[in-house]
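Single-letter residue listing:
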Amino acid sequence: MSAGGRGPSLQRQLLLWLLLPQLVLWLVAAFAAYRVATRHADEATDASLLQAARALARQVRPTASGLFVDLPRSAQDILAADPEDRVMYAVSAPPGQLLLGEARLAALPVAAASVPQFQDAALPERVRVVTLEQRLGGQPEERMRVQVARSSASREQLARRMLLDTALPLSLLIALMSAIVWAGIRAGLAPLAELQARVRAQTAAQGAGRLQPISLQAAPQEVHALAGAVNELVAQGQASLEQQKRFISDAAHQLRTPLAGLKGQTELALQAAREPELQARLQRVHESALRSVRLVSQLLALARAEPESASAQGLEPVDLGELMQGLVAEWVPRALASGADLGLDEVPGVAPLRVLGVGLLLREAVANLIDNALRYAGPDATITVRLRGLGEQLLVEVEDDGPGIPPALRPRVFERFVRGAASGEGCGLGLAIVREIVQRHGGRVDLDDSAAAGCRLRLLLPRWVA
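Scope of this entry: the structure provided in the associated data block.

Conventions adopted
- Residues numbered from 1 in each chain as written.
- Predicted model: local features only at pLDDT ≥ 70, side-chain atom pairs only at ≥ 80, totals over all residues.
- Heavy atoms only, no water.
- Buried < 20%, exposed > 50% of the residue type's maximum accessible area, 1.4 Å probe, protein only.
- Helix = DSSP H or I, 4+ residues; strand = E, 2+ residues; numbered from the N terminus.
- Core = buried A, V, L, I, M, F, W, Y, C linked by side-chain atoms within 4.5 Å.
- Contact = heavy atoms within 4.5 Å.
- Salt bridge = Lys/Arg side-chain N within 4 Å of Asp/Glu carboxyl O.
- Pairing = 2+ DSSP bridges.
- Axes fitted to C-alpha atoms, helices over the stretch in contact; angles between N-to-C directions.

### A short note on helix α10 (residues 430-440)
For α10, a buried count of eight out of 11 residues is recorded, marking the element as mostly surrounded by other parts of the structure. Every buried residue of α10 is listed here: G430, L431, A432, I433, V434, E436, I437 and V438. Looking one or two residues past α10, G442 carries a phi angle of roughly 75°, positive in sign.

Right under this line is the structure:
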């Protein structure tokens, strides 16, 4: 029940649709956290600048001769001590006319206002500036401007630190949620995986020809409709297969009797015919009758080797030694008639070489190999049947020194209706029957390419030990 192509993974799709929104939300949350961190850093920096500007404004006092700025040199050095977080200041009165501090600050364009003003400027490094204006003395036109600036590096560093402190726990939370989602998806899809394993185990154990309906109790409720459709398909396939097998079996049984009569009649006609032309025509009819009889016999053997028929027959211990001896003795007269040398090569042992199976089917499998060797090896061929014990397996070999099977046909030689040679009376079912029988007994059959000449077919069957 494997598909030819692979569709999209349900688990992968669920992970994608659940984790992708989480990733988007994480990005949105990270951006929002950065904005919040920047705003808080700006607020902290602005509060510090405003406090410094007001403190500096308090140090400026009007006198009779002008303005007095009480800012010791040590305080100025402290303000400019850190080059990465340097604090600059400027005092101008009237606004724009520098009295003390950084001339670049005093040259910045600032609109007159009664409230503190904050702005970003480049001097040439990026700085945050607060501008504070206030009156001097009692005259409204006498005004003083105090400006304090701080490098943006500290503000950006503070924003990054706040972002890191926020994003790290958020990332850990997203990772934990992703792990929980992944575990939940696996747990949710576990019944589907269990159902798939059961179907595969059933297919491997029973074969494609004996598939049983899927148990809906083992299927998740969401796939009951799919499992029901698969059960209907399996039932239709089983019914069609059963009908086809019954037709083949019934047709073979119905054809056996008239074909046997046709064969006998052609033999009698050949004996009575005297004209060479008539004998030649009768001989062709007789050969056609023999091929038809052979085909019917193989179709019946193939029907018996099918899983249902094989399982219906009782399994019992079969002594392959006795089976091979009787089978080879049965085929020796035909081998002698065709000029071939047929023999059995069996290594005697203490324990019998037995398999658990159906003796009739095993006999049919080896008989097909011997029959193929006699048909295709040619006259004067030497055919050897071997039986060996290989630990937990038994080896049956049928080897001949004939022309062998062409290399182009070897990969397909076990398919139905594929013949290993153009000559001969076979119909291409013998080796297919052998493979079907051996597989039903838990073994395998292969073509040994190591033979220098001829053909060597190997059957490996599991050994039965009482």
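### Quick look at the nonpolar core
Counting 43 residues, the largest nonpolar core has L320, L342, I370 and L459 as its most contacted members. Contributions of two or more residues to this core are made by α8 (320-337), α9 (359-376), β11 (382-390), β12 (393-400), α10, β13 (444-447) and β14 (455-462). Ranked by residues supplied to this core, first place goes to α9 with nine residues. Other than its neighbours up to four places away in sequence, I370 contacts L327, W331, L342, V385 and V398. Core analysis: the second largest hydrophobic core is formed by 16 residues, A53, A57, Y89 and V146 among them.

### Brief notes about the pattern of salt bridges
Summed over all chains, the structure comprises 21 salt bridges. D345 is the partner of R388 in a salt bridge, and the nearest nitrogen-oxygen pair spans 2.9 Å. With R388 in strand β11 and D345 in strand β9 (residues 341-346), this pair connects stretches of sequence that are 43 residues apart. Residue classification places D345 among the partly exposed positions, given a relative accessible area of 28%. With a shortest N-O distance of 3.6 Å, E415 and R412 are connected by a salt bridge. Judged by relative accessible area, R412 falls into the partly exposed class, the value being 40%. Counted as one network, the salt bridges with shared partners bring together D345, R386, R388, E397, E399, R444, D446, D448, R456 and R458.

### Regarding the sheet that holds strand β3 (residues 87-92)
Spatially, five strands are ordered β4-β3-β7-β6-β5 in an open sheet, and the strand pairing comes out antiparallel. The sheet is open, and its two edges are formed by β4 (98-101) and β5 (117-122), each paired on a single side. This sheet shows a mean twist of 20° between the axes of neighbouring strands, independent of strand direction. Across the sheet, helix α1 (residues 10-58) is in contact with β3, β5, β6 (126-135) and β7 (143-151); its angle to β7 comes to roughly 140°.

### Quick word on the sheet that holds β9
Judged by pairing direction, the sheet is mixed, and its five strands sit side by side in the order β9-β11-β12-β14-β13 without closing on themselves. Each edge of the open sheet is held by one strand with a lone partner, namely β9 and β13. This sheet shows a mean twist of 15° between the axes of neighbouring strands, independent of strand direction. In this sheet, β11 lies alongside β9 in parallel orientation, the contact comprising six bridges. Looking at β11, one finds that G343 is bridged to T384. Where α9 meets the sheet, its contacts fall on β9, β11, β12 and β14, and the angle it forms with β12 comes to roughly 20°. Along the sheet, α10 makes contact with β13 and β14, crossing β14 at roughly 20°.

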